[in-house]
Amino acid sequence: MAMAAGLPTSLFSLPSSLHRLTTTTITAASRTSSSPLLLSTRLPPKPPQFSSTIKASSSSSSSTTYTESRDLKVNTIPTKPIEGQKTGTSGLRKKVKEFMQENYLGNWIQALFNSLPPEDYKNALLVLGGDGRYFNKEAAQLIIKIAAGNGVGKILVGKEGILSTPAVSAIIRKRKANGGFIMSASHNPGGPEYDWGIKFNYSSGQPAPESITDMIYGNTLSISEIKLADIPDVDLSSVGITKYGNFSVEIVDPVSDYLDLMEDVFDFSLIRSLVSRPEFRFTFDAMHAVTGAYAKPIFVDKLGASPDSICNGVPLEDFGHGHPDPNLTYAKDLVNIMLRDDGPDFGAASDGKFVVMTGDGDRNMILGRQFFVTPSDSVAIIAANAQEAIPYFQSGPKGLARSMPTSGALDRVAEKLNLPFFEVPTGWKFFGNLMDAGTLSICGEESFGTGSDHIREKDGIWAVLAWLSIIAYRNKNKNPGEELVSISDIVKEHWATYGRNYFSRYDYEECESAGANEMINYLRDLISKSKQGDKYGVYTLQFADDFTYTDPVDGSVASKQGVRFVFTDGSRIIFRLSGTGSAGATVRIYIEQFEPDVSKHDLDAQVALKPLIDLALSVSKLKEFTGREKPTVIT
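- Named according to an unreviewed UniProt entry, the protein chain is phosphoglucomutase (alpha-D-glucose-1,6-bisphosphate-dependent) originating from Centaurea solstitialis.
- In UniProt, the protein chain has this text filed under Subunit (unreviewed entry): "Monomer."
- We quote the UniProt Sequence similarities (unreviewed entry) comment for the protein chain here in full: "Belongs to the phosphohexose mutase family."

Structure representation (structure tokens):
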């Protein structure tokens, strides 16, 4: 892999004194490989020919190769704390250049092992994969060596380092692994000048709880050594098992376990009956991200979609110079296709379907021809139709939940279906406890994340299959040539039943942190002085607070999760700083208004919400604090 321009090769190397160390306990063939202690700036070499190699059968089309070394040596590498390694909402995300600094990634990985109980990793099974972005292959080699150095028994790695975030969660659960590493900065752009990220998921497949991430950060402030196994780089390009003493690395097919799970959740024959209709035109854009590895096996090979229905299906390290965030701004070219009269469709006068995936495969955006389904509406509609259309929910969902900033559309479904309902902070980890307790089945976030308790992560392909299932179910009795029920038909029928929650989010990315924090502090001071009945233009305040969540399962408390202004008519304005960026601060403003009148359901959201949007900008003094005239992204 080429180095970023102007970056010295030592930026992400271990100390130069280590390069003189030699391995005395692995085979002679192993000693001929390039130095195992340097995280190479090149692509990893093919593994050396060890003394014992046998063939075994595999579920994949090719055989699995077992390669074994007799012993394993561990070296202790002196290091010092590095500032700024605090884990955000979905892991540690920084620019690639920062991760390439000496010991930067190594410190965080070792701090993780220092934070886990020994029984969670000693002689245990862990999973490793990522979204295919720049730096993943080099990082994988270092993670493997530190895992081995800390006594991990086995690590499963996706071929070429590829595993979507949902697939990691699925594999952890299916293989009963103790946890897994996900190399991704999610929807942040990739490449030498852009972002990289790492997070750890626990044994249920969910992101590590704050108790662990807080401990990791504490250990990064006091770390003094890294335990590194003296082994050569592992060949990530071939399915197989390599053993070094009591430690082994298994390279696995990134799709098979996840595909098996999807076939258990959904009725693939029902979906195939829709996809195979000549009048149904289906288009899937993987945005050159990790779902490109899953699109053909699932949509083409299993469901019978035409190969040309897959766009940008080859994962690239820089996502083809694109921003893999599935929203109306970063997917603008794709949105424009759906705005055309001749865009993808599934009925002569009906809406089409277009799906956009994010970098690590956990988010989704659903569009019909000239019709956008908001993520808030999407999870509500999936929940309302799940029992009829999706076999996994044939007994009905156990409960529903959304993140606090997500619109109240899901609340109304839970009320009508008489289901338990939960409002949690932003961050998928907050759904996990509820799922493990058996009280939650379907959940979602307004940030294009939707999922269920089949795994413990949001799941973009699951959301796509859920929508295909609903559309297929609604059209299963349609004869060839009949007009199909479209996405817009389904959404508008839902609004007529439950009312419409107009919703929009304004993102101001990479603001100066000082100004953004001053704005939030100003708003906190403002709500501390507010009282019920206060007037904000034509709106009357019901309450204002800084959202605090007490987990009903373990009693843990998450405070300062977003400043809320809730008005007597159900309208809401919410302000929070996002923890998913790699630089500066992202200010997010959420605006929502409920409209029960069917005759007012066809307004443009920006028109319907304009009074609230103007109020939000005025109340927050956003321009004064951040200097920003316009948002970076509107969804």
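Brief notes about the overall build of the protein chain
Thinking step 1. A tally of regular secondary structure across the protein chain gives 19 helices and 29 strands.
Thinking step 2. Looking at the protein chain alone, contacts between residues at least 24 apart form 73% of all its contacts between residues at least 6 apart.
Thinking step 3. Within the structure as shown, the protein chain displays about 23700 Å² of accessible surface, and the carbon and sulfur contribution to it stands at 49%.

Considering the nonpolar core
One broad trend across soluble globular proteins is that nonpolar side chains are buried collectively.
Thinking step 1. Formed by 72 residues in total, the largest nonpolar core has its most connected members in Phe266, Phe299, Leu465 and Trp467.
Thinking step 2. By residue number, the principal contributor to this core is helix H14 (residues 460-474), which donates eleven residues.
Thinking step 3. Apart from the residues lying within four places of it in its own chain, the contact partners of Leu465 are Met262, Phe266, Phe268, Ile271, Ile298, Phe299 and Leu303.

A few points about the pattern of salt bridges
Thinking step 1. A complete count under the given rule lists 32 salt bridges for this structure.
Thinking step 2. Between Glu457 and Lys199 there is a salt bridge whose closest N-O contact spans 2.8 Å. Of this pair, Glu457 sits in the loop between strand S20 (449-452) and H14 while Lys199 sits in strand S8 (residues 195-201), and the two are 258 residues apart along the sequence. As far as the burial class goes, Glu457 and Lys199 line up, both buried.
Thinking step 3. Between Lys531 and Asp534 there is a salt bridge, with the nearest N and O atoms lying 3.1 Å from each other.
Thinking step 4. When salt bridges that share partners are traced, they join Arg402, Asp411, Glu423, Asp545, Arg564, Arg572 and Glu592 into one network.

Some details on the sheet that holds strand S29 (residues 633-634)
Thinking step 1. Taking strand neighbours across the sheet as the criterion, the seven strands line up as S22-S23-S26-S27-S28-S21-S29 in an open arrangement whose pairing is antiparallel. Sheet topology places strand S22 (535-536) and S29 at the edges, where each strand pairs with a single neighbour.

Focus: the environment of Arg412
Thinking step 1. Inspection of the secondary structure puts Arg412 in helix H12 (residues 409-417).
Thinking step 2. On the accessibility criterion, Arg412 (29% relative accessible area) is partly exposed.
Thinking step 3. Each residue touching Arg412, except ones within four places of it in the same chain, is listed here: Tyr498, Asn501 and Phe594.

Describing the packing of H14 against helix H15 (residues 487-498)
Two numbers describe a pair of packed helices, the interaxial angle and the distance between the axes.
Thinking step 1. Put simply, H14 and H15 touch, their axes get as near as 10 Å, and they point 90° apart. By the criterion of interaxial angle, the relationship of H14 to H15 is roughly perpendicular. Residues Trp467, Ile470, Ile471 and Arg474 of H14 pack against Ile487, Ile490, Val491 and Glu493 of H15.
Thinking step 2. The class makeup of the residues in the contact of H14 with H15 is six nonpolar, no polar and two charged.

Some points on the sheet that holds strand S19 (residues 442-445)
Thinking step 1. In spatial order, the strands read S18-S17-S19-S20; together these four strands make up an open sheet with mixed pairing. Both edges of this open sheet fall to strand S18 (421-424) and S20, since each of them pairs with a single strand only. For this sheet, the mean angle separating the axes of adjacent strands, direction not counted, is 15°.
Thinking step 2. Where strand S17 (residues 400-403) and S18 come together, four bridges link them in parallel fashion. By the bridge assignment, Leu400 is partnered in S18 with Phe421.

What about the packing of helix H7 (residues 256-265) against H14?
Thinking step 1. Contact pair H7 / H14: the axes reach a minimum separation of 11 Å and the direction vectors enclose 30°. By the angle between their directions, the pair H7 and H14 is classed as roughly parallel. Handedness of the crossing formed by H7 with H14: right-handed. For the pair H7 and H14, contact is made by Tyr258, Met262 and Val265 and by Ile461, Trp462 and Leu465, respectively.

Side note on the side chain of Ser378
Thinking step 1. On the secondary structure map, Ser378 appears in helix H11 (residues 375-389).
Thinking step 2. When its relative accessible area of 2% is taken as the criterion, Ser378 is described as buried.

Structural notes on H14
Thinking step 1. Its 15 residues place the ends of H14 21 Å apart at the C-alpha level, agreeing with the 21 Å of an ideal helix rising 1.5 Å per residue.
Thinking step 2. Counting buried residues in H14 gives 13 out of 15 residues, a clear majority hidden from the surface.
Thinking step 3. A distance of 3.4 Å separates the backbone nitrogen of Ile461 from a side-chain oxygen at the start of H14, and that oxygen is part of Asp459.

As for the confidence of the model for the protein chain
Thinking step 1. The share of residues in the protein chain with pLDDT of 70 or more is 78%, and the mean pLDDT across the chain is 83.
Thinking step 2. Contacts of residues 1-64 to residues separated by more than four positions or lying in other chains number 133 contacts, the stretch itself having pLDDT below 50.
Thinking step 3. This stretch, residues 345-359, has a pLDDT under 50; its non-local contacts, to residues over four places away or in other chains, come to 96 contacts.

Some words on the packing of aromatic side chains
Thinking step 1. Applying the stated rule across the entire model yields 21 aromatic pairs.
Thinking step 2. On the numbers, 5.5 Å between centres and 40° between planes, the contact of Tyr522 with Phe625 is tilted. One end of the pair, Tyr522, is in helix H16 (residues 513-528); the other, Phe625, is in helix H19 (residues 622-626), and 103 residues separate them in sequence.
Thinking step 3. By relative accessible area, which is 25% here, Tyr522 ends up partly exposed.
Thinking step 4. With a centroid separation of 5.4 Å and an interplanar angle of 40°, the aromatic rings of Tyr539 and Phe567 are classed as tilted. A residue pair is termed long-range when its members are at least 10 positions apart, and Tyr539 in strand S23 (residues 539-546) and Phe567 in strand S26 (residues 563-567) qualify at 28 residues.
Thinking step 5. Of the residues examined, Phe567 reaches a relative accessible area of 1% and is grouped as buried.
Thinking step 6. Above the ring of Phe594, the side-chain terminus of Arg412 is found at 3.4 Å from the ring centroid.

Calculation rules
Residues numbered from 1 in each chain as written. Predicted model: local features only at pLDDT ≥ 70, side-chain atom pairs only at ≥ 80, totals over all residues. Heavy atoms only, no water. UniProt positions renumbered as here; feature names shortened; annotations may be inferred. Helix = DSSP H or I, 4+ residues; strand = E, 2+ residues; numbered from the N terminus. Contact = heavy atoms within 4.5 Å. Areas by Shrake-Rupley, 256 points an atom, 1.4 Å probe, with all protein chains shown as cover. Core = buried A, V, L, I, M, F, W, Y, C linked by side-chain atoms within 4.5 Å. Buried < 20%, exposed > 50% of the residue type's maximum accessible area, 1.4 Å probe, protein only. Salt bridge = Lys/Arg side-chain N within 4 Å of Asp/Glu carboxyl O. Pairing = 2+ DSSP bridges. Axes fitted to C-alpha atoms, helices over the stretch in contact; angles between N-to-C directions. Parallel < 35°, antiparallel > 145°, perpendicular 65-115°, else oblique. Nonpolar A, V, L, I, M, F, W, Y, C, P; charged D, E, K, R; others polar. Left-handed = near helix turned anticlockwise from the far one by under 90°. Expected span 1.5 Å × (residues − 1). Polar contact = N/O pair within 3.5 Å; in protein donor to acceptor, adjacent residues only side chain to side chain. pLDDT = per-residue confidence, 0-100. Phe/Tyr/Trp six-rings, centres within 6.5 Å; stacked < 30°, edge-to-face > 60°. Lys NZ or Arg CZ within 6 Å of the ring centre and 35° of its normal.

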